[in-house]
Amino acid sequence: MKAVLFYAPGDIRVEEVDVPKCGDNEILVRVDACAVCGSDLKAAAVGNPRIKPPKVMGHEFTGLIVETGRNTTGYAEGDRVVMATSISCGTCYYCRRGWKNLCRDLAPMGYSYDGGMAEYVLIPERAIANGHLVKVPAGVRPETAALAEPVSCAVNSIENCRIEKGDTVVVIGAGPMGILNACVARAYGAGKIIFAELNEDRLRQCEAFGFDRLVNSGKENLKEIVMQMTDGYGADVVIVAAPAAAPQEQALDLVRKRGTVMLFASLPVGRSMLNIDSRLIHYKELRVIGSSDSTPEHVKKAVEILSGKDFPADRIVTHVLPLDGIEEAFALMRSGESLRVVLKP
């Protein structure tokens, strides 16, 4: 089969490899769509110490089951599936509390196991045993189903924010995950969404999503706009999906008393310290929280959202390419021209 393999930073190859053999406790899936994540681009550029090369890349995949191990139950040939792809151990303190995304021994697809940028992917026993393989309704298109993993990360974020019906939500950072956070916030009942971004091209991409206000925060005063649109109170929730310190620091000043600031984007190693006014947290009784990855339950909710008619999956997936197009996919992502690029084996 054809597959995209990581050997080292700057050394990504499309090669012919053997189709995985399905063991008694495993499931073999024929991949028909795999989205390219920002973490794939980063790994290709600078590497990731968790990847054990050579390794098939990709974790935002979907496909149809073609073979089930004789000891597996609950799945059948022809089922469309997606995954919570950071596979938990199922036994540690965090797993026992239901926080599988925070497992102390996560084993991600594309890092510890071969991923989905291939014609076939083998679902490991540990993933099946711990509920990480999730079925998708038959009518969902492959390109849409491939968004289940990133949408599930937004579900985790929005649930951590405790968004209530009618809330005003500010999202800073108009990359794919910022847009997905906004779309999921709307699915959870947000009444008003204000989107802030420095890049005009990114803002133009947001126009198709019908958000209530688009703000170029390099040219306009974001705080003034937020206050004008909230009768001077501030937003109920501010989600920072931009990997920069300045918007994370500013977010505390955009939210109302007892509001929530979500630090969704991770800052680079060595540049992750913030200079914040702790008095804002104290006197406004703010919740400042983070969100990382997702659990199988988040993936199930993502599948429900993607199965509905209102979610704009066709606007999230801006490019569809073959596996041989992986370098083109990376170029589209670096340029900011794309939102999500999907590879189709």
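Structure's up top.
Read on for an overview of the structure. Computed from a prediction, not measured in an experiment: that's the story for all the values here.

1. Regarding a nonpolar patch on the surface
Consideration 1: Together, Tyr93, Tyr94, Trp99 and Leu102 make up an exposed nonpolar region whose accessible area comes to about 390 Å².
Consideration 2: Following the sequence through the fold, Tyr93 ends up in helix 2 (residues 93–96).
Consideration 3: A residue is classified by how much of its surface remains accessible, and Tyr93, at 43% relative accessible area, is partly exposed.

2. A look at the environment of Cys37
Consideration 1: With respect to the element layout, Cys37 can be found in the loop between strand 3 (27–36) and helix 1 (38–46).
Consideration 2: Sequence spacing of Cys37 and Pro176 is 139 residues, and the spatial spacing of their C-alpha atoms is 9.3 Å.
Consideration 3: Discounting residues that sit within four places of it in the chain, Cys37 has contacts with His59, Glu60, Met333 and Arg340.

3. Thoughts on unusual backbone geometry
Consideration 1: Cis geometry is adopted by the peptide bond preceding Pro54, which originates at Pro53 and carries an omega value of -10 degrees.
Consideration 2: Tracing the sequence through the fold places Pro54 in the loop between helix 1 and strand 4 (55–56).
Consideration 3: Of note in this structure, Asp231 is not a glycine but carries a positive phi near 55 degrees.
Consideration 4: As for its position among the elements, Asp231 is in the loop between helix 8 (222–228) and strand 14 (235–240).
Consideration 5: By relative accessible area, Asp231 is classed as exposed at 71%.
Consideration 6: Residues other than glycine seldom take positive phi values, yet Glu285 does so here, at roughly 50 degrees.
Consideration 7: Looking at the element boundaries, Glu285 is found in the loop between helix 10 (278–284) and strand 16 (287–290).

4. Observations concerning the packing of helix 5 (residues 148–161) against helix 11 (residues 296–307)
Consideration 1: Here helix 5 crosses helix 11 at 110 degrees, and the two axes come no closer than 8 Å. In terms of orientation, helix 5 lies roughly perpendicular with respect to helix 11. Facing helix 5, whose interface residues are Ala148, Val151, Ser152, Val155, Asn156 and Glu159, helix 11 presents His298, Val299, Lys301, Ala302, Val303, Ile305 and Leu306.
Consideration 2: Across the contact of helix 5 with helix 11, the residue classes break down as eight nonpolar, three polar and two charged.

5. As for helix 5
Consideration 1: Given a rise of 1.5 Å per residue, 14 residues ought to cover 20 Å, and the 20 Å separating the end C-alpha atoms of helix 5 matches this to within 8%.
Consideration 2: With twelve of 14 residues buried, helix 5 is to be regarded as a mostly interior element.
Consideration 3: For helix 5, the full list of buried residues reads Ala148, Glu149, Pro150, Val151, Ser152, Cys153, Ala154, Val155, Asn156, Ser157, Ile158 and Cys161.
Consideration 4: Arg162 occupies a position one or two residues after helix 5 and carries a positive phi of about 55 degrees.

6. Quick notes on the pairing of strand 18 (residues 340–343)
Each regular strand carries side chains that alternate between the two faces of the sheet.
Consideration 1: Across the two faces of strand 18 the burial is the same, with Arg340 and Val342 and Val341 and Leu343 all buried.
Consideration 2: Where strand 3 meets strand 18, three bridges bridge the pair, whose relative direction is antiparallel. Bridge assignment links Ala35 to a residue of strand 18, and that residue is Val342.
Consideration 3: Where strand 17 (residues 317–321) and strand 18 come together, four bridges link them in parallel fashion. Bridge pairing in strand 18 links Leu321 to Leu343.
Consideration 4: Tracing the backbone out of strand 17, into helix 13 (residues 326–335) and back to the parallel element strand 18 gives a crossover that is right-handed.

7. Focus: helix 1
Consideration 1: Taken residue by residue, helix 1 has Asp40, Leu41, Ala43 and Ala44 as its buried positions. Projected onto a plane normal to the axis of helix 1, the buried residues spread over an arc of 165 degrees and lie on a single side. Turned more than 90 degrees away from the buried face of helix 1, the exposed residues are Lys42, Ala45 and Val46.
Consideration 2: Turning to helix 1, the residues buried within the fold contact strand 1 (2–8), strand 2 (11–16), strand 3 and helix 13.
Consideration 3: Phi turns positive, to about 85 degrees, at Gly47, one or two residues after helix 1.

8. Some points on the packing of aromatic side chains
Consideration 1: Using the criterion set out here, one finds four aromatic pairs in the structure.
Consideration 2: Consider the rings of Tyr93 and Tyr94, whose centres lie 5.4 Å apart with planes at 80 degrees: the pair is edge-to-face.
Consideration 3: Here the aromatic rings of Phe195 and Phe211 are separated by 5.0 Å at their centres, their planes lie at 25 degrees, and the arrangement is stacked. Separated by 16 residues along the polypeptide, Phe195 in strand 12 (residues 192–197) and Phe211 in the loop between helix 7 (200–206) and strand 13 (213–216) bring together distant segments of the chain.
Consideration 4: Classification of Phe195 as buried rests on a relative accessible area of 0%.
Consideration 5: Following the ring pairs from residue to residue traces out a cluster consisting of Tyr93, Tyr94 and Trp99.

9. Topic: the nonpolar core
Consideration 1: Within the largest apolar cluster, 51 residues are counted, with the highest numbers of intra-cluster contacts made by Val151, Ile179, Phe195, Phe211, Ile239 and Phe311.
Consideration 2: With residues up to four places along the chain from it excluded, the contact list for Val151 reads Leu180, Val184, Ala302, Leu306 and Phe311.
Consideration 3: Membership of the second largest hydrophobic core comes to 36 residues, among which are Cys34, Ala44, Ile128 and Ala329.

10. Some details on the sheet that holds strand 1
Consideration 1: With respect to topology, three strands assemble into an open sheet ordered 2-1-4, the strand pairing being antiparallel. The sheet terminates laterally at strand 2 and strand 4, the two strands that pair on one side only.
Consideration 2: Here two bridges tie strand 1 to strand 4, and the two strands are oriented antiparallel to one another. Bridging across to strand 4, Leu5 finds its partner in Val56.

What counts, and where the lines are drawn
Residues numbered from 1 in each chain as written. Predicted model: local features only at pLDDT ≥ 70, side-chain atom pairs only at ≥ 80, totals over all residues. Heavy atoms only, no water. Patch = residues over 30% accessible without salt bridge, like charges linked within 9 Å, V, L, I, M, F, W, Y side chains within 5 Å. Areas by Shrake-Rupley, 256 points an atom, 1.4 Å probe, with all protein chains shown as cover. Salt bridge = Lys/Arg side-chain N within 4 Å of Asp/Glu carboxyl O. Helix = DSSP H or I, 4+ residues; strand = E, 2+ residues; numbered from the N terminus. Buried < 20%, exposed > 50% of the residue type's maximum accessible area, 1.4 Å probe, protein only. Contact = heavy atoms within 4.5 Å. Axes fitted to C-alpha atoms, helices over the stretch in contact; angles between N-to-C directions. Parallel < 35°, antiparallel > 145°, perpendicular 65-115°, else oblique. Nonpolar A, V, L, I, M, F, W, Y, C, P; charged D, E, K, R; others polar. Expected span 1.5 Å × (residues − 1). Pairing = 2+ DSSP bridges. Right-handed = clockwise from strand over helix to strand, strands pointing away. Arc of directions from axis to C-beta. Phe/Tyr/Trp six-rings, centres within 6.5 Å; stacked < 30°, edge-to-face > 60°. Core = buried A, V, L, I, M, F, W, Y, C linked by side-chain atoms within 4.5 Å.

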